[in-house]
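A closer look at the structure
Letter by letter, the chains look like this.
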Amino acid sequence: MENNNWWKRAVIYQVYPRSFADSNGDGIGDLPGVISKLDYLKTLGIDAIWLSPVYRSPQYDNGYDISDYRDVDPLFGTLADLDRLIAEAKTRGIRIILDLVLNHTSDEHPWFLSAKQSRESPYHDYYIWRDAAPDEADGQAADFGAGAWQYVPEIRQSYYYQFSHRQPDLNWANPKVRQELYDMIRWWTSRGVGGYRLDVVDHLGKDPFAGYTINGPHLHEFVREMSAAAFPAPLVTVGEAWSATIERAKRYANPDGSELSMVFQFEHLLLDKAEGGEKWDLAPLPVNKLKQVFARWQTLLHGCGWNSLFWENHDLPRIVSRWGDEGEFREASAKMLAVLLFGMEGTPYLYEGQELGMTNRRFALDDYQDVETLDMIRTRRAKGYSDAEILRSAYGRSRDNARTPMQWDASENAGFTTGTPWLPVNDNYKEINAAEQIGRGDSVFECYRKLIALRKTYPVFEEGAFTLLEPENDALFAYKRETEAEALLVVCNFTSKEIENPVPAEGMTLLLGTYGDDQSETLRPYEARLYRKGD
Ligand code: GLC
Ligand code: CA
């Protein structure tokens, strides 16, 4: 019998296809490229791949703007390639998780092309319209993530969009829209897909007329309806929910399975943002707050929900550049952050290149390609910010940081493509690449590989109850996990200095130490140790 909760023991790896592996030299990663790297992923030990969107799309938002939900964009290959990926992954025990962008379509989706032609179109009501022509649509309003109306002169109405004007929001209040989407999901499931990541799930119940862009009154009702219609076990489902609180996460991830398996919540990743500012307004990380946030999610969801564990994705900066050290302690800090996260309760996610400790790339302002970054550059210039300030924000937070090509080896373009990569490779690829790290015992890759294997060996990783240790010590992040039969202890030095280790590990065995078998009472810079007790 298949275990319906397989995903509680699993590690999921996110592939951003555009930047993963290019098979035909056009500079853009593709599905045959992903297939060619399945053995690499098998070596790492992951259980499932979350594939960012490969559907047909004008690629205005790199595929998060879909024009055909049931086909593959020629940029990435064919539907047959995707079927082959599903089959080839399956032979290696790896499931494929597709990315469902259900909040909006591309403005080139046939539904929208029809909808904007006439108020009488059967698809008109698939989108959200209002009659007045808004004056604010003069190009000055933010064009990503802020929510606005775009005027269509032909029918003298404006449509609502939450992200860019090229991503009109679907009208979830219309049951036909919902049924159409559930049908599409069932169609993919019948092709052998193992689960789904739901883009911006907290926007689905929106009602801009009543002032709701997120967490609308019908949100959970819709999620339950969708789950009953399209998410039978053992599919895994994870919703992206920037606004999720613990209370909401308990509903989304209700163990009764009525909604989703889990959500991505972002509370920990919002801590280094200046208060009242936007994501671009950087602030130092308060380590003690980070500890509190994790401790709350770990303890309050225990037994009544399920966590996802992640540092990175295609929208976030590289974690080493963010909370680790890009210089002397790059590998040490990458491994510390790995141990810290993988010792917790929940399903860990790895974003491509994170297993190598890849870092942010320093672009020139003109080299940024991401719509969100371009919008920031435009609006901040108009507000009088200096280029130096804008660059600092982009360097710290641009989504392009995570989107530079995967660094496979030290050959030209890091082995990603034989052509010209769509986004420049990070200059450090000769030093940081997979070929150099596989098999080198103290590499970041081998550290992740060990962690993945350990999680599968000992039930305490799945079941142990979390207790934060030394909560006031802002140099140290330490916690234990306990079941009746086993205990884990995780001790991490969150600084570039040597510090005293105040946490005794008596009677425990060192499972993994990032400075080898060192058990001294001093923790070296960014050192992490993982201990266990039990049979
Ligand atoms: C999600 C995606 C992001 C995309 C946005 C709009 O946040 O992760 O990449 O731009 O939704 O679809
Ligand atoms: Ca290609």
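Residues numbered from 1 in each chain as written. Chains lettered and ligands numbered in written order. Predicted model: local features only at pLDDT ≥ 70, side-chain atom pairs only at ≥ 80, totals over all residues. Heavy atoms only, no water.

**A closer look at the overall build of the protein**
Stated precisely, the cut-off is as follows: By definition, any uninterrupted DSSP run of H or I lasting at least four residues is a helix, any uninterrupted run of E lasting at least two residues is a strand, and each is numbered from the N terminus. C-alpha atoms define the radius of gyration, and 2.2 Å times the number of residues to the power 0.38 defines the globule rule. The method behind every accessible area is Shrake-Rupley, applied with a 1.4 Å probe, and residues are considered shielded solely by the protein chains displayed.
Assigned secondary structure in the protein consists of 16 helices and 20 strands. For 535 residues, the compact-globule estimate of 2.2 N^0.38 gives 24 Å, and the C-alpha radius of gyration of the protein, at 23 Å, lies within 12% of that figure. Seen through its principal axes, the protein has C-alpha atoms that stretch 75 × 55 × 45 Å. Element-wise, carbon and sulfur atoms account for 48% of the exposed surface of the protein, whose accessible area totals about 20,200 Å².

**Some details on the site of ligand 1**
Going by this rule: By convention in this text, a residue qualifies as near a molecule or strand provided that one of its non-hydrogen atoms is within 4 Å of it. Polar contact is the term for a pair of N or O atoms within 3.5 Å; when the atoms are in protein, one must be able to donate a hydrogen and the other to accept it, and sequence-neighboring residues count only if both atoms are side-chain atoms. When residue character is reported, Ala, Val, Leu, Ile, Met, Phe, Trp, Tyr, Cys and Pro are called nonpolar, Asp, Glu, Lys and Arg charged, and the others, Gly included, polar.
Neighbouring ligand 1 are 13 residues; Asp61, Asp199, Glu240, His314 and Asp315 lie closest to it. With respect to ligand 1, the side chain of aspartate 61 contributes an N or O atom lying 2.5 Å from an oxygen atom. Note that an oxygen atom of ligand 1 is positioned 3.0 Å from one of the side-chain N or O atoms of arginine 197. Contact with the protein chains hides 97% of the accessible area of ligand 1, taken as 310 Å² for the molecule alone. Here the residues of the shell around ligand 1 are counted per class, giving four nonpolar, two polar and seven charged.

**Considerations on the coordination of the calcium ion (ligand 2)**
Convention followed: Metal-coordinating donors are taken as N, O and S atoms lying within 2.8 Å of the metal, or within 3.2 Å when the metal is Na, K or Ca; because water is left out, some sites can appear incomplete.
Binding of the calcium ion (ligand 2) to the protein goes through Asp22 (OD), Asn24 (OD1), Asp26 (OD), Ile28 (O) and Asp30 (OD), at separations of 2.3 to 2.4 Å. Mapped onto the sequence, the residues coordinating the calcium ion (ligand 2) show the spacing D-x1-N-x1-D-x1-I-x1-D.

**Some points on the domain arrangement of the protein**
Inclusion rule: Segmentation into domains, and thus their bounds, comes from an automatic or database assignment. Once two parts are joined, some of their accessible surface, as seen by a 1.4 Å probe, is lost; buried area is that loss totalled over both. A carboxyl oxygen of Asp or Glu within 4 Å of a side-chain nitrogen of Lys or Arg is what we treat as a salt bridge.
You can read the domains of the protein as domain 1 (9-101 + 319-362 + 406-457), domain 2 (110-160), domain 3 (175-306), domain 4 (364-397) and domain 5 (461-534). For domain 3 versus domain 4, the separation of C-alpha centres amounts to 29 Å. Taking both partners together, domain 3 and domain 4 bury about 780 Å²; carbon and sulfur atoms supply 50% of that area. Its largest share of buried area at the contact with domain 4, domain 3 owes to Lys279, Trp280 and Leu282, together 78% of the area lost on that side. If you look at where domain 3 meets domain 4, you find four salt bridges. For aspartate 272, the salt bridge is made with arginine 397, and the minimal N-O distance between the two is 3.0 Å. Linking domain 3 with domain 4 are five residue pairs in polar contact (both at pLDDT 80 or more), by the criterion used here. Considering only residue class, the side of domain 3 that touches domain 4 consists of two nonpolar, no polar and four charged.

**Describing the packing of helix α11 (residues 371-382) against helix α12 (residues 387-397)**
Just so we agree on the cut-off: Every axis in this analysis is a line fitted to C-alpha atoms, fitted for helices over the stretch in contact. Angles between the N-to-C directions lie between 0 and 180 degrees. Angle categories: roughly parallel below 35 degrees, roughly antiparallel above 145, roughly perpendicular from 65 to 115, and oblique for all the rest. By definition, any crossing whose near helix is turned counterclockwise from its far helix by less than a right angle is left-handed, and any crossing with a clockwise turn is right-handed. Contacts: residue pairs with any heavy atoms within 4.5 Å of one another.
Relative orientation of the contacting elements α11 and α12 amounts to 155°, with a least axis distance of 10 Å. When the axis of α11 is compared with that of α12, the two are roughly antiparallel. The two elements α11 and α12 meet at a crossing, and its hand is right-handed. Note on element contacts: α12 touches α11 through Asp387, Ile390, Ser393 and Ala394, opposite Thr373, Met376, Ile377, Arg380 and Arg381. For the contact of α11 with α12, the per-class residue count stands at four nonpolar, two polar and three charged.

**As for helix α10 (residues 330-342)**
For clarity, the cut-off: Helix span, expected: 1.5 Å multiplied by one less than the number of residues in the helix. Buried residues are those whose accessible area, probed at 1.4 Å on protein chains only, stays under 20% of the maximum for their type, while exposed residues exceed 50% and partly exposed ones sit between those limits.
Counted at 1.5 Å a residue, the expected span for α10 with its 13 residues is 18 Å, and the 18 Å between its end C-alpha atoms agrees. With respect to burial, α10 is a largely interior element, 13 of its 13 residues being buried.

**Regarding the nonpolar core**
Across soluble globular proteins, you tend to see nonpolar side chains buried next to one another. As a reminder of what qualifies: What is meant by a nonpolar core is a set of buried Ala, Val, Leu, Ile, Met, Phe, Trp, Tyr and Cys residues, joined one to another through side-chain atoms within 4.5 Å.
Tyr13, Leu102, Phe231, Phe477 and Phe494 are the most contacted members of the largest nonpolar core, which totals 157 residues. The dominant element in this core, judged by the number of residues it contributes, is α10, at nine residues. For leucine 102, the contacting residues outside a window of four places in its chain are Tyr69, Leu170, Trp172, Leu181, Met184, Ile185, Leu198, Leu204 and Met226. Residues Leu489, Ile499, Val503 and Tyr531 belong to the second largest nonpolar core, which totals 14 residues.

**Section: the pattern of salt bridges**
The full count for this structure, using the stated rule, is 43 salt bridges. Salt-bridge contacts for arginine 191 lead to aspartate 83; the nearest nitrogen and oxygen are separated by 2.9 Å. Remark: aspartate 83 occurs in helix α3 (residues 79-91) and arginine 191 occurs in the loop between α5 (175-190) and β9 (195-198); sequence separation between them is 108 residues. Salt bridges here are not isolated pairs; linked through shared partners, they connect Asp61, Lys279, Asp315, Asp370, Glu372, Arg399 and Arg403.

**So, the side chain of arginine 380**
Relative to the helices and strands, arginine 380 resides in helix α11. Once residues within four sequence positions are removed from consideration, arginine 380 is found in contact with Glu278, Trp280, Asp281, Tyr385, Ile390 and Ser393.

**Examining the sheet that holds strand β16 (residues 487-493)**
Worth spelling out the cut-off: A pair of strands counts as paired when DSSP detects no fewer than two bridges linking them.
Spatially, five strands are ordered β14-β15-β16-β20-β18 in an open sheet, and the strand pairing comes out antiparallel. Each having just a single partner strand, β14 (465-469) and β18 (509-517) make up the two edges of the open sheet. Taking each pair of neighbouring strands and ignoring which way they run, the sheet shows an average axis angle of 15°. As defined by bridge partners, β14 adjoins strand β15 (residues 476-482) across five bridges and the pair is classed as antiparallel. In the strand pairing of β15, leucine 469 is matched with alanine 478. Sheet contacts for α10: β15, β16, β18 and β20 (528-533); angle to β16, the most-contacted strand, approximately 150°. The strands touched by helix α15 (residues 444-457) within the sheet are β18 and β20, with β18 carrying the most contacts at an inclination of about 175°.

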